[in-house]
Amino acid sequence: MAEDFSLGSSMASFASEMGFTSFFQGEGWKNLVMLCIGCFLLYLAIKKEYEPLLLLPIAFGMILTNLPGAGLFDSNMWNNEFLKEGGDHYHDYGYIMSHGGLLDILYIGVKAGIYPCLIFLGVGAMTDFGPLIANPKSLLLGAAAQIGIFATFLVTQLDLPIFGFTPAQAASIGIIGGADGPTAIFLTSKLAPELLGPIAVAAYSYMALVPVIQPPIMRMLTSDKERKIRMKQLRTVSKKEKIIFPIVVAIIVSLVVPSAATLIGCLMLGNLMKESGVVERLSKAAQNELNNIVVICLGLTVGATATASSFMNFQTLGILCVGIVAFGIGSASGVIMAKVMNLFLKEKINPLIGSAGVSAVPMAARVSQVEGAKADPRNFLLMHAMGPNVAGVIGSAVAAGVLLSFLG
């Protein structure tokens, strides 16, 4: 076949297959814009250190998926149109393993809900529920902070022209208000996978901006006198209490909201491994090696869903706007709940710790400490704020389970 070889035609074919050529054909310019967005997010992750552990792989995943001709991720393989057109392999992971790109194969872990659960396992192994056990009232603050999720869901269901979201999409957007990235990814992958990219970027962006978003809300809803409230030192929690806690929570929550059992079960298993003290190797593996590997795979594949067609539209702008409203309502609800509780409590709660009810651990708790120290430099709220903060982790998982049971 050597005599059929033509250098000119081969060079022309090579040039036409280059990714650069695609940028100037049809809507190829959108891919170029997405590459720029990916680079900007890399800048935020590296230079500004905004949630770099997940924002960096997400941003790089966005870059990889928008490289024309690379074939690393085929969004058509995952959307409903593939099923409608008679694609018998819509959920056939064997077919995807054979015909998909690298990121398609890794995305199976997201679609099957594996990665978020494994991250919860690691989070549980790194979490100390002692402040919550020592002050059970803080559970109410964590629960109140989830109001942002449900309020946003209900508002987006109003028959208004500015909203065009289905109930499943509205629930996935509302979960941003919980400030829990893995939970947002878990719920969205189940209810609205077509929005996974924008929702993940919004969720982790707002988590990184907690020190910017929350303080104005906290100061607006509290007086100087309230911000100076000092709380008594928390009691010491025994080892037995810390061991019993994850077992009891896993059983009770799973019986009440079975749809939340997957996330809560993994979270409490990780915590039990940590607190029991008899499986130190497993606990360290969950905190380090396993968690790090899963974070890489999760970040890359979530970023891969941010294709030009799914990201560059007015719907994405709506997600960003509604998401920050959900987060703001969640933060405000925790503060307001603390103020309401103070009407009935002899030992007053500093309302600033209420904003930590969103599950951005431990950043939200640190913001409460910083704002409290501004009002009174000798006021230490960090450990008190960790109670509602870890309660928010449980609360967001339960909220996701409730939404999944209604809409899944």
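Residues numbered from 1 in each chain as written. Predicted model: local features only at pLDDT ≥ 70, side-chain atom pairs only at ≥ 80, totals over all residues. Heavy atoms only, no water.

### Describing the confidence of the model for the protein chain
Phase 1 of the analysis: Of all residues in the protein chain, 89% attain a pLDDT of 70 or more, and the chain-wide mean is 88.
Phase 2 of the analysis: Below a pLDDT of 50 lies the segment residues 81-89, which in the model reaches eight contacts outside its immediate sequence neighbourhood of four places, other chains included. (pLDDT = per-residue confidence, 0-100. Contact = heavy atoms within 4.5 Å.)

### A word on the side chain of Thr-183
Phase 1 of the analysis: The residue Thr-183 is located in helix α13 (residues 181-191) in this model.
Phase 2 of the analysis: Among residues more than four places away in sequence, those in contact with Thr-183 are Phe-120, Ile-175, Leu-263, Ser-396, Ala-397 and Ala-400. (Helix = DSSP H or I, 4+ residues; strand = E, 2+ residues; numbered from the N terminus.)

### Considerations on helix α20 (residues 289-304)
Phase 1 of the analysis: The first and last C-alpha atoms of α20 sit 23 Å apart over 16 residues, in line with the 22 Å expected at 1.5 Å per residue.
Phase 2 of the analysis: Along α20, the residues classified as buried are Asn-291, Val-294, Val-295, Cys-297, Leu-298, Gly-299, Leu-300, Thr-301, Val-302, Gly-303 and Ala-304.
Phase 3 of the analysis: The elements touched by buried residues of α20 are α4 (52-65), α7 (102-111), α8 (114-126), α13, α14 (196-208) and α19 (280-287). (Expected span 1.5 Å × (residues − 1). Buried < 20%, exposed > 50% of the residue type's maximum accessible area, 1.4 Å probe, protein only.)

### A short note on the side chain of Asp-104
Phase 1 of the analysis: Secondary-structure assignment places Asp-104 in helix α7.
Phase 2 of the analysis: Among buried charged residues, Asp-104 stands out as having no salt bridge; its nearest opposite-charge side chain is Lys-111, 11 Å away.
Phase 3 of the analysis: At 3.0 Å, the side chain of Asp-104 forms a polar contact with the backbone nitrogen of Asp-74.
Phase 4 of the analysis: Not counting chain neighbours up to four residues away, the residues in contact with Asp-104 comprise Leu-72, Phe-73, Asp-74, Trp-78 and Ile-96. (Lys, Arg positive; Asp, Glu negative; His and termini not counted. Salt bridge = Lys/Arg side-chain N within 4 Å of Asp/Glu carboxyl O. Polar contact = N/O pair within 3.5 Å; in protein donor to acceptor, adjacent residues only side chain to side chain.)

### Overview of the packing of α4 against α20
Phase 1 of the analysis: For the pair α4 and α20, interaxial distance at closest approach is 6 Å and the crossing angle is 45°. Between α4 and α20, the crossing angle belongs to the class labelled oblique. Between α4 and α20 lies a crossing whose hand is right-handed. Contacts from Leu-53, Leu-54, Pro-57, Ile-58, Phe-60, Gly-61, Met-62, Leu-64 and Thr-65 in α4 reach Val-295, Ile-296, Leu-298, Gly-299, Leu-300, Val-302, Gly-303 and Ala-304 in α20. (Axes fitted to C-alpha atoms, helices over the stretch in contact; angles between N-to-C directions. Parallel < 35°, antiparallel > 145°, perpendicular 65-115°, else oblique. Left-handed = near helix turned anticlockwise from the far one by under 90°.)

### A short note on unusual backbone geometry
Phase 1 of the analysis: The linkage connecting Val-361 with the following residue, Pro-362, adopts the cis geometry, with an omega of -10°.
Phase 2 of the analysis: Within the secondary structure, Pro-362 is located in the loop between α22 (314-342) and α23 (363-375).
Phase 3 of the analysis: Even without being a glycine, Ala-179 presents a positive backbone phi close to 55°.
Phase 4 of the analysis: For Ala-179, the position within the fold is in the loop between α12 (167-174) and α13.

### Comments concerning the layout of surface pockets
Any empty space left between atoms is shown by rolling a water-sized probe over those atoms.
Phase 1 of the analysis: There is about 850 Å³ of room inside the largest pocket.
Phase 2 of the analysis: Taken together, 31 residues line the largest pocket, and the ones lying closest to its centre are Glu-51, Leu-53, Val-123, Met-126 and Val-361.
Phase 3 of the analysis: When contributions to the lining of the largest pocket are tallied by element, the ones reaching two or more residues are α4, α8, α13, α14, α20, α23 and α24 (382-407).
Phase 4 of the analysis: Looking at the lining of the largest pocket, its residues break down into 21 nonpolar, six polar and four charged. (1 Å grid on protein atoms, 1.4 Å probe; cavity = no way out; pocket = protein on both sides within 12 Å on 5 of 7 lines; lining within 4 Å. Points joined across faces, edges and corners; volume = space filled by probe spheres on them. Nonpolar A, V, L, I, M, F, W, Y, C, P; charged D, E, K, R; others polar.)

### Some remarks on the packing of α12 against α22
Phase 1 of the analysis: Orientation of α12 relative to α22, taken along the N-to-C sense of each, is 50°, at an axis distance of 9 Å. In this view, α12 runs oblique relative to α22, as classed from their interaxial angle. Two secondary-structure elements touch here, α12 through Gln-169, Ile-173 and Gly-174 and α22 through Gln-315, Ile-319, Val-322, Gly-323 and Ala-326.

### Details of the environment of Ile-296
Phase 1 of the analysis: Within the secondary structure, Ile-296 sits in helix α20.
Phase 2 of the analysis: Ile-296 sits 181 residues away from Tyr-115 along the chain, and the two C-alpha atoms are 9.9 Å apart.

### A few points about the pattern of salt bridges
Phase 1 of the analysis: Summed over all chains, the structure comprises 10 salt bridges.
Phase 2 of the analysis: A salt bridge links Lys-339 to Glu-226; the shortest N-O distance between them is 2.8 Å. You can see Lys-339 sitting in helix α22 and its partner Glu-226 sitting in helix α16 (residues 224-227), a full 113 residues away along the chain.
Phase 3 of the analysis: Look at Lys-339 and you get partly exposed, because its relative accessible area is 26%.

### Observations concerning the nonpolar core
Phase 1 of the analysis: In terms of nonpolar packing, the biggest core is built from 111 residues, with Phe-129, Met-268 and Ile-394 touching the most fellow members.
Phase 2 of the analysis: Take this core: its biggest share by element is 11 residues, from α24.
Phase 3 of the analysis: Once residues within four sequence positions are removed from consideration, Ile-394 is found in contact with Phe-129, Leu-132, Phe-245, Val-249, Ile-264, Leu-267 and Met-268. (Core = buried A, V, L, I, M, F, W, Y, C linked by side-chain atoms within 4.5 Å.)

### Digging into the environment of Leu-403
Phase 1 of the analysis: Note on placement: Leu-403 falls in helix α24.
Phase 2 of the analysis: On a C-alpha basis, the gap between Leu-403 and Ala-260 in space is 9.5 Å, while along the polypeptide they are 143 residues apart.

### A closer look at helix α15 (residues 210-221)
Phase 1 of the analysis: Between its first and last C-alpha atoms α15 spans 17 Å; for 12 residues at 1.5 Å apiece the expected length is 16 Å, and the two agree.
Phase 2 of the analysis: In this fold, the buried residues of α15 make contact with α14, α16, α22 and α23.

### Topic: the packing of aromatic side chains
Phase 1 of the analysis: By the definition in use, this model includes three aromatic pairs.
Phase 2 of the analysis: A centroid spacing of 5.6 Å and a plane angle of 85° characterise the contact between Phe-73 and Tyr-107, whose relative ring orientation is edge-to-face. One end of the pair, Phe-73, is in the loop between α4 and α5 (80-84); the other, Tyr-107, is in helix α7, with 34 residues separating them in the sequence. Each of the two residues, Phe-73 as well as Tyr-107, counts as buried.
Phase 3 of the analysis: Judged by centre distance (5.2 Å) and plane angle (40°), the ring pair of Phe-129 and Phe-245 falls under tilted. Highlighted residues: Phe-129 in the loop between α8 and α9 (130-134) and Phe-245 in helix α17 (residues 239-256), separated in sequence by 116 residues. (Phe/Tyr/Trp six-rings, centres within 6.5 Å; stacked < 30°, edge-to-face > 60°.)

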